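Fold and geometry: a report
Each chain is listed here by its residues.
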Amino acid sequence: MKHLINRSDSRFASPGWWISGVWMILVIALGAGCHQDSPRLSIDHDKIPPGPVSHVQVENLPGAARLTYFLPDDSDLLQVEADYEIRPGVTQQMTKSMYGNSMVLEGFRDTGVHAVELYAVDRSGNKSSVVNVTVSPLTSPVVQVYDSLSYTPNFGGIVVDFK
């Protein structure tokens, strides 16, 4: 009986067809991903800083502080930045978009007085004049738990308890 398919005549016997297909796909993929993006710049470039935030209210929280403020009436306002020191030598920055009027500053371990500098920033990167605020956070939850830790020996270990 004769074979219906002659394997030597099959187009699948030669690997050349799929190697050229792989090369074609590779060239198309590399060519499509090799264009240069232009950086996205702000539409308006001005040197006029926005007005400062106003009517800042401070609510001291455990290990944190919530600042509530009025935003300046500026058409190109982008965000509000707060720079503060959580402990000597360690600064932190918090940013909040123009769609909110409050921010929570976190990371305070002590109950001391901390200075906070608030800025309004516009789309061109201009900063407003600084608004200085002081916060006195309440005792941090970590410190509260640490102060209330107690332990008692148990069979082959200890029992840790906190309030």
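In this section: unusual backbone geometry. One non-glycine residue, His55, adopts positive backbone phi at about 50°. Residue placement: His55 occurs in strand S1 (residues 54-61). For His55, a relative accessible area of 58% puts it in the exposed group.

Two side chains carrying opposite charge are able to pair once their charged atoms lie near each other. Overall, the coordinates contain two salt bridges when judged by the stated rule. One salt bridge in this structure joins Glu59 and Arg66, with 3.0 Å as the shortest N-O distance. The exposure class assigned to Glu59 is partly exposed, which follows from its relative accessible area of 39%. For Arg66, a relative accessible area of 29% puts it in the partly exposed group.

Take the side chain of Ser128 next. Here Ser128 shows up in the loop between strand S6 (114-122) and strand S7 (131-135). Filtering out sequence-adjacent residues up to four positions away, Ser128 remains in contact with Pro49, Pro50, Gly51, Pro52, Tyr119 and Ala120.

A contiguous nonpolar patch, built from Val145, Tyr146, Leu149, Tyr151, Ile158, Val160 and Phe162 and spanning about 780 Å² of accessible area, is present on the exposed surface. Counting residues per element, the ones that place at least two in the nonpolar patch are helix H2 (141-147) and strand S9 (157-161). Inspection of the secondary structure assignment puts Phe162 in the segment after S9.

So, on to the pairing of strand S5 (residues 102-106). Burial along S5 is one-sided: the face carrying Met103 and Leu105 is buried and the face carrying Ser102, Val104 and Glu106 is not. Of the strand pairs in this sheet, strand S2 (residues 64-70) and S5 are connected by five bridges, and their pairing is antiparallel. Looking across to S5, one finds that Ala64 is bridged to Glu106.

Quick notes on the rules
- Going along each chain's sequence as written, the residues are numbered from 1 onward.
- Restriction of local features to residues with pLDDT of at least 70 applies here, the model being predicted, together with a cutoff of 80 or more for giving and counting side-chain atom pairs; totals for whole chains, interfaces and linings are based on all residues.
- Derived side-chain values reflect all non-hydrogen atoms in the structure, with water molecules and hydrogen atoms excluded from consideration.
- Helix and strand labels come from DSSP, where a helix needs a run of H or I of at least four residues and a strand needs a run of E of at least two; each type is numbered from the N terminus.
- Burial classes: relative accessible area under 20% of the type maximum marks a residue as buried, over 50% as exposed, and values in between as partly exposed (1.4 Å probe, protein chains only).
- Salt bridge, as used here: a side-chain nitrogen of Lys or Arg that lies within 4 Å of a carboxyl oxygen of Asp or Glu.
- The contact criterion used throughout is that any non-hydrogen atoms of two residues lie within 4.5 Å.
- Nonpolar side chains (Val, Leu, Ile, Met, Phe, Trp, Tyr) within 5 Å and like charges within 9 Å form the patches, drawn only from residues with over 30% relative accessible area and no salt bridge.
- For the area figures, the Shrake-Rupley method with a 1.4 Å probe applies, and any residue is considered shielded solely by the protein chains shown.
- Two strands pair if DSSP finds at least two bridges between them.

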